[in-house]
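# What the coordinates show
Residues per chain are reported as follows:
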Amino acid sequence: MGSSPDYSHTLAVRYAECDQQGVVFNAHYQALCDCVMDQWLRDRMGTAWCRRVVIEGGGFTMVVASEFKYISPAKFLDDLTISGEITRWGTTSFE
């Protein structure tokens, strides 16, 4: 990622995403990123587009690859800011 992300969104860590030590269970990070991807689509394309393409048209986005850099554990009630950027636009895909 470059120095200025294309999109950032902040989510509060919910109890259901944490283990007994109160930290986010590793597998939940991908789901949190998926929530941000969904919000990005709504913010950038609008809910009408999402409804038309995803629900009525049967379209969807698919994760082909993901990478996470662990800095420190996210804990219950932390505000977790997730950032990303589009580095390449294709005719049927983007990265």
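Overview of the structure. Each chain carries its own residue numbering, running from 1 in the written order of its sequence. Restriction of local features to residues with pLDDT of at least 70 applies here, the model being predicted, together with a cutoff of 80 or more for giving and counting side-chain atom pairs; totals for whole chains, interfaces and linings are based on all residues. Only heavy atoms go into the side-chain values, all of them from the structure, while hydrogens and water stay out.

Counting from the N terminus, the helices are DSSP H or I runs at least four residues long and the strands are E runs at least two residues long. When helices and strands are tallied, the chain shows two helices and two strands. Seen in sequence order, the chain has helices and strands lined up from the N terminus as β-α-α-β. A principal-axis box enclosing the C-alpha atoms of the chain has dimensions of 45 × 30 × 20 Å. Accessible area is worked out with a 1.4 Å probe on protein chains only. A residue is then buried under 20% of its type maximum, exposed over 50%, and partly exposed in between. Taken over 95 residues, the chain has a buried fraction of 17%.

A few words on the packing of aromatic side chains. What counts as a ring pair is set by centres within 6.5 Å for rings of Phe, Tyr and Trp (its six-membered ring), and what kind of pair is set by the plane angle: stacked under 30 degrees, edge-to-face over 60, tilted for all other angles. Taken as a whole and assessed by the stated rule, the structure comprises one aromatic pair. Ring plane angle 80° and centroid distance 5.7 Å describe the contact between Tyr-15 and Phe-76, whose orientation is recorded as edge-to-face. Of this pair, Tyr-15 sits in the loop between β1 (7–12) and α1 (28–45) while Phe-76 sits in the loop between α2 (47–56) and β2 (79–84), and the two are 61 residues apart along the sequence. Among the residues examined, Tyr-15 registers a relative accessible area of 63% and is labelled exposed. We classify Phe-76 as partly exposed; its relative accessible area is 38%.

In this section: the pattern of salt bridges. The term salt bridge refers to a pairing of a side-chain nitrogen on Lys or Arg with a carboxyl oxygen on Asp or Glu at a separation within 4 Å. One pass over the full model with this rule turns up three salt bridges. For Glu-17, the salt bridge goes to Arg-14, with nearest N and O atoms at 2.8 Å. By relative accessible area, Glu-17 is classed as buried at 6%. Look at Arg-14 and you get exposed, because its relative accessible area is 52%.

Turning our eyes to something else, we now look at the packing of α1 against α2. All axes here are fitted lines through C-alpha atoms, helices being fitted over the stretch that makes contact, and every angle between N-to-C directions spans 0 to 180 degrees. Taken N-terminus to C-terminus, the directions of α1 and α2 make an angle of 115°; their axes are 6 Å apart at the nearest point. Listed contacts from α2 to Leu-41, Arg-42 and Met-45 of α1 are Thr-47, Trp-49 and Cys-50. Polar here means any residue outside two lists: the nonpolar Ala, Val, Leu, Ile, Met, Phe, Trp, Tyr, Cys and Pro, and the charged Asp, Glu, Lys and Arg; Gly therefore counts as polar. When grouped by side-chain class, the residues that make up the contact of α1 with α2 number four nonpolar, one polar and one charged. For this analysis, residues touch if any pair of their heavy atoms sits within 4.5 Å.

In this scheme, a helix's expected span is set at 1.5 Å multiplied by one less than its residue total. Spanning 18 residues, α1 covers 26 Å between terminal C-alpha atoms, matching the ideal 26 Å at 1.5 Å per step. Three or more residues of α1 are buried, namely Tyr-29, Leu-32, Val-36, Trp-40 and Leu-41. Next to the buried residues of α1 lie β1, α2 and β2.

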